[in-house]
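Listed below are the residues making up each chain.
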Amino acid sequence: MPTAGLTVSSVAGFTVPVSAKSIWIIVEVAFADGPSGWGEATLSGAEEAVLAEIGHANTLLAGRDIAGPGEAISTLRMAHASLARTTVTRAIEQAFLDALARRAEVPLSTLLGGPERQRVPVYANINRGIADRSPEGFAKRAKEVVTKDGYRAVKIAPFDGLNWSRTPDASARTRLAQGIARIAAVRDAIGPDIALLVDCHSRLSPLMARTVLKEVERAGLFWLEEPLDERTFDADTARSLRGFANDRGIRIAGGEQLTSLPEARDFLARGACDAILPDLRWIGIRSGMAMLELADASGVGVSLHNPVGPVLDRISVQVAAALPAFLILERQVRESPLFDEVRGGPQRLDDGAVRIDQSPGFGPPPARAVIERSSAQGIARPASLSGVAGAGGDA
């Protein structure tokens, strides 16, 4: 008698060292009687914890007949789970949904109820790929992705080394000015018709954020992302900053740290952002779609945080295609040639947008030879990313 669900053979993780800043973790869920499903569990600085959780997931799921992603998540879910466990759980949900779509021989977006669109607008996050952190270095890379790769939108994170609560005043003023100079240089390099997005990584005080908004008003930003730490500043302060930005034609974006629907409800009620960009690694596909439909119904623009590897990139494109409304999708660009090697080759853009892959699942599975070779090399990264320019939070 056939089983009622999918019999899991194994859950395995592959590490793909990309740079001193990034290691992708790709998850394969193999099944006894059908194609594997794939997901991504990249979590910068916590690779060992993620790999341990993948091993734990294999212990819990291998050999079991699982009805679908819901049962798999229930098996893995625990109260107060670590972010590493949450990330692995979400990757396994991705893999189950991918496998179901491959079995049905339909794109993942179709399994999710779409597609609502055949093309998804994308922007190039170039921050981690910039070794030369001068304004000229930022400008050069931005111009390359526009003229050579075909992007019509670019995002940078220009405030290296700045933290409003820890950086001494004199140094903070210098680093703020350096960030503003990088923004101006990029705008000059890409011209007025390319969208420019700026990520602040919650580094700014309200006064710093207002200074940036005034100084870069002529740059015509598409959005300013996470200028303030939402856990530190109250809703009135955040809403006031949003109004200040909107008066200058600039959106405020945020929400990448959200992990649940209750958090999303509270985030939207706070009223601090014009656009929300949660991360599928932490919100999951099914709950994430509900979260983003709620945001759209609340008058907030919808996007996805997607600064990692090629597996989550393909998945994010399919999810974006299935959503009723969508602004623009992040992509990590030119950090490493491994991005295209793992995905099986470069992807051409159509006027700054990605065309939806019509093959089953999220598209062609990752190149196994590449990820197995890379995984065999082991993890090689600094003990801390603190002070590594372009790597996110630093001192």
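The structure reproduced in this document is the subject of the present report. Every chain is numbered independently, its residues counted from 1 as its sequence is written. Under the rules for a predicted model, residues below a pLDDT of 70 receive no local features and side-chain atom pairs below 80 are neither given nor counted, while totals for whole chains, interfaces and linings still include all residues. Computation of side-chain values: all heavy atoms of the structure, hydrogens and water removed.

## Remarks on the packing of helix H5 (residues 135-147) against helix H6 (residues 169-190)
In a packed pair of helices, the relevant descriptors are the angle between the two axes and the axis-to-axis distance. Inclusion rule: Only the contacting stretch of a helix is used when fitting its axis, a line to C-alpha atoms as for every element, and angles between N-to-C directions run 0 to 180 degrees. To qualify as a helix, a DSSP run of H or I must reach at least 4 residues; to qualify as a strand, a run of E must reach at least 2; elements of each kind are numbered from the N terminus. Less than a right angle of anticlockwise turn of the near helix away from the far helix marks a crossing as left-handed, whereas a clockwise turn marks it as right-handed. Contacts are residue-level and defined by heavy atoms, with any inter-residue pair within 4.5 Å sufficient. Residues are grouped as follows: Ala, Val, Leu, Ile, Met, Phe, Trp, Tyr, Cys and Pro are nonpolar; Asp, Glu, Lys and Arg are charged; every other residue, Gly included, is polar.
Following both chains from N to C, one finds H5 and H6 inclined at 35°, their axes separated by 8 Å at the closest point. Crossing angle aside, the handedness with which H5 passes H6 is right-handed. Touching Pro135, Phe138, Ala139, Ala142, Lys143 and Val146 of H5 are Ala181, Arg182, Ala185, Val186, Ala189 and Ile190, all from H6. Residue classes in the contact of H5 with H6 are distributed as 10 nonpolar, no polar and two charged.

## Some details on the sheet that holds strand S4 (residues 65-66)
Formally: By this definition, two strands are paired if DSSP reports at least two bridges between them.
Spatially, the four strands line up as an open sheet ordered S3-S2-S1-S4, and their pairing is antiparallel. A strand with exactly one partner marks an edge of an open sheet, and here the two such strands are strand S3 (34-40) and S4. As judged from the nine bridges shared by strand S1 (residues 6-17) and strand S2 (residues 23-31), these two strands associate in the antiparallel manner. By the bridge assignment, Gly13 is partnered in S2 with Val27. Helix-sheet contacts for helix H1 (residues 47-61) involve S1, S2 and S4, and the interaxial angle to S1 is about 165°.

## Overview of H6
Filter applied, for reference: Here, expected helix span is obtained from the residue count minus one, scaled by 1.5 Å.
Between its first and last C-alpha atoms H6 spans 32 Å; for 22 residues at 1.5 Å apiece the expected length is 32 Å, and the two agree. Taken from the residues just after H6, Gly191 is the one with a positive phi, measuring 85°.

## Brief notes about the packing of aromatic side chains
Counted only if it meets this: The pairing test for Phe, Tyr and Trp rings, Trp by its six-membered ring, is centres within 6.5 Å, and the orientation test on the planes gives stacked under 30 degrees, edge-to-face over 60, and tilted for anything in between. Exposure classes here rest on a 1.4 Å probe applied to the protein chains alone. A residue is buried below 20% of its type maximum, exposed above 50%, and partly exposed in between.
Scanning the entire structure with this criterion turns up six aromatic pairs. Ring geometry for Trp24 against Phe339: centres 5.9 Å apart, planes inclined by 80°, an arrangement best described as edge-to-face. Here Phe339 lies in helix H13 (residues 338-343) and Trp24 lies in strand S2, a separation of 315 residues in the sequence. Per residue, the accessibility class of Trp24 equals that of Phe339, and both read buried. Each ring, one from Trp164 and one from Phe233, has its centre 5.1 Å from the other, and the planes form 45°; the classification is tilted. In this pair, Trp164 is assigned in the loop between strand S6 (153-156) and H6 and Phe233 in the loop between strand S8 (223-225) and helix H8 (235-246), connecting sequence segments 69 residues apart. By relative accessible area, Trp164 is classed as partly exposed at 31%. Residue Phe233 is classed as buried on the basis of its relative accessible area, which comes to 14%.

## Some words on helix H11 (residues 285-297)
Along its 13 residues, H11 runs 18 Å from first to last C-alpha, staying within 8% of the 18 Å computed at 1.5 Å per residue. At its buried positions, H11 is contacted by helix H3 (83-104), helix H9 (261-270), strand S10 (275-276), helix H10 (280-283), strand S11 (301-302) and helix H12 (310-322). Two residues or fewer past H11, Gly299 is found with a positive phi of approximately 80°.

## Quick word on the pairing of strand S9 (residues 251-254)
Note the cut-off: Look down the strands so they point away from you; if going from the first strand over the helix to the second traces a clockwise path, that crossover is right-handed.
Across three bridges, the pairing between S8 and S9 is parallel. When the bridges of S9 are listed, Leu224 appears paired with Ile252. On the question of chirality, the crossover connecting S8 to the parallel S9 by way of H8 is right-handed. Where S9 and S10 come together, two bridges link them in parallel fashion. Looking at the pairing, Ala253 lines up with Ala275 of S10. Following the chain from S9 across H9 to the adjacent parallel S10, one finds a crossover that is right-handed.

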